[in-house]
Amino acid sequence: MATEFFSNLKCRECGRLYPKKAIHVCEFDFGPLEAAYDYSLIQKHISRKIIESRPQTMWRYRELLPIEGDPTVGLKVGFTPLIKADNLAKALGAKEVYIKNDAVNFPTLSFKDRVVAVALSRARELGFKIVACASTGNLANSVAANAASAGLESYVLIPADLEQGKVLNSLVYGTNVIGIHGPYDQVNRLCSEIAGKYGWGFVNVNLRPYYAEGSKSMGFEIVEQLGWEVPAHTIIPMASGSLLTKISKSYQEFMKVGIIPESKYSVHGAQASGCSPISQAFKSGTDLIKPVPKPNTIAKSLAIGTPADGYYAVNEVRNTKGACEDITDQEIVDGIKLLAETEGIFAETAGGVTVGCAKKLIETGKVPRDERIVICITGNGLKTMDAVMNHVGAPRVINPSLREFDQLLAQNPSLTV
Ligand SMILES: *Cc1c(COP(=O)(O)O)cnc(C)c1O
Ligand SMILES: [Zn+2]
């Protein structure tokens, strides 16, 4: 495969070009570095037909992903189902709703498998033997699993108070799990220091330009799975804000390389009110992100008080005429239950945030009821069971006796068919 599609790293602020190394900030203005491509070359090499002929993984869009050789990590990641969610649509009072279901992504049941596939494939190209991350849970799970199968040593650093399910889902792969007393921002700051001192490949620090591009694959898939059309509305959960900016970038890149015609679309951002710096900035009409020093929400995977891409996310939402919303913990639980009861999909807390915010955006008219809506579900409910444990009732227990069963039915008319 030709290596020249991915040409450089480029500063988002001043546009200066940088070599394709393990670096992530501009030396002149501290702007974030982003992968740059030769789009006219890519346009000559890919078409819908070529993409459709490839295996159903995220790597079918590999010309638009920032690695040089063939991918070596996460070869089976992506191409998760896009489900037409008619029951949910009815419940939300909307005409056409789809769920992009990364709750069943491979191997670790969240959208983070996409970013890790790219970051670790690139880490290997750059010669790293030890990989690491700062994580709110899902990233740690995915780094641990993918590093294990790739034979890389890994360290994952997480806030010490994460859900049991997320912690266990890192430990089981034999990675080095380090819990830090303090919120995610402090974990992240420590990771920058460690990256500087030890020279490890931190997927979301010094490898962040590569990591972040992996999120585009979610958007490419949505477009392809809709029959090569951009949805009018995409509702996306935000932690650092990176996923939202990259889904928007994916739509624009498909237009740039002629895969789809120029089309209008809006991206909308969803957060938990207990940590909603991006949504608050949007609602205040500014792009200045006010840090949240002590996040307080059950949506721990989204609890980033100082979101690295918050500024860009707010602007992307505004530029596409979208909106941001945030909801309470109770509304998050209601969102999880609504998705489960209407579509049979058990999402983690971040999914509850997205469904709950979708409901609010539709009710307030910010997302029109009669236009096509895609809701991004990014993680699996089996990892955050603590959040719903006391909100789903309990089984009715009886002896193995038909008489007791008859009595149960008689007492509970809702059990009869
Ligand atoms: C990491 C994560 C996100 C969003 O991440 P960004 O930092 O905004 O790219 C969304 N949902 C889940 C479940 C996540 O783990
Ligand atoms: Zn710069």
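As a starting point, this report considers the structure included with it. (Residues numbered from 1 in each chain as written. Chains lettered and ligands numbered in written order. Predicted model: local features only at pLDDT ≥ 70, side-chain atom pairs only at ≥ 80, totals over all residues. Heavy atoms only, no water.)

### Description of the sheet that holds strand 4 (residues 82-84)
Spatial strand order, 4-5-13-10-11-12: six strands in an open sheet with mixed pairing. The open sheet has two edge strands with one neighbour each: strand 4 and strand 12 (324-327). Pairs of neighbouring strands in the sheet enclose a mean axial angle of 25 degrees, with direction left out of account. Bridging between strand 5 (residues 96-101) and strand 13 (residues 372-377) involves six bridges; their strand directions are parallel. In the sheet register, Val97 faces strand 13, and the bridge partner there is Ile373. The strands touched by helix 13 (residues 329-343) are strand 4, strand 5, strand 11 (266-272), strand 12 and strand 13; relative to strand 12, the strand with the most contacts, the crossing angle is about 100 degrees. (Pairing = 2+ DSSP bridges. Helix = DSSP H or I, 4+ residues; strand = E, 2+ residues; numbered from the N terminus. Axes fitted to C-alpha atoms, helices over the stretch in contact; angles between N-to-C directions. Contact = heavy atoms within 4.5 Å.)

### Quick notes on helix 13
At 3.6 residues per turn, the α-helix brings residues three or four places apart onto the same side. The terminal C-alpha atoms of helix 13, which comprises 15 residues, lie 21 Å apart, in line with the 21 Å expected from a rise of 1.5 Å per residue. By the burial criterion, the buried members of helix 13 are Ile332, Val333, Gly335, Ile336, Leu338, Leu339, Thr342 and Glu343. Within two residues after helix 13, Gly344 carries a phi angle of roughly 70 degrees, on the positive side. (Expected span 1.5 Å × (residues − 1). Buried < 20%, exposed > 50% of the residue type's maximum accessible area, 1.4 Å probe, protein only.)

### Comments concerning the packing of aromatic side chains
The full count for this structure, using the stated rule, is 12 aromatic pairs. A ring pair is formed by Tyr61 and Phe220, whose centres lie 5.2 Å apart and whose planes are at 40 degrees; its orientation type is tilted. Remark: Phe220 occurs in helix 9 (residues 216-225) and Tyr61 occurs in the loop between helix 2 (48-52) and strand 4; sequence separation between them is 159 residues. Through pairs of rings, three or more aromatic residues link up here, namely Phe6, Tyr37, Tyr39 and Tyr210. Between the NZ or CZ atom of Arg16 and the centre of the ring of Phe28, over which it lies, the distance is 3.5 Å. (Phe/Tyr/Trp six-rings, centres within 6.5 Å; stacked < 30°, edge-to-face > 60°. Lys NZ or Arg CZ within 6 Å of the ring centre and 35° of its normal.)

### A few points about the site of ligand 1
Residues in contact with ligand 1 amount to 15 residues; listed here are only the nearest, Lys112, Ala239, Ser240, Leu243 and Thr378. At a separation of 2.8 Å, an oxygen atom of ligand 1 approaches a polar side-chain atom of Lys112. Contact distances for ligand 1 include 2.7 Å between a nitrogen atom and a side-chain N or O atom of Thr378. The pocket occupied by ligand 1, as judged from atoms lying within 2 Å of grid points, is the largest pocket. Grouping the amino acids of the shell around ligand 1 by side-chain chemistry returns seven nonpolar, six polar and two charged. (Near = heavy atom within 4 Å. Polar contact = N/O pair within 3.5 Å; in protein donor to acceptor, adjacent residues only side chain to side chain. 1 Å grid on protein atoms, 1.4 Å probe; cavity = no way out; pocket = protein on both sides within 12 Å on 5 of 7 lines; lining within 4 Å. Sits in = over half its atoms within 2 Å of the grid points. Nonpolar A, V, L, I, M, F, W, Y, C, P; charged D, E, K, R; others polar.)

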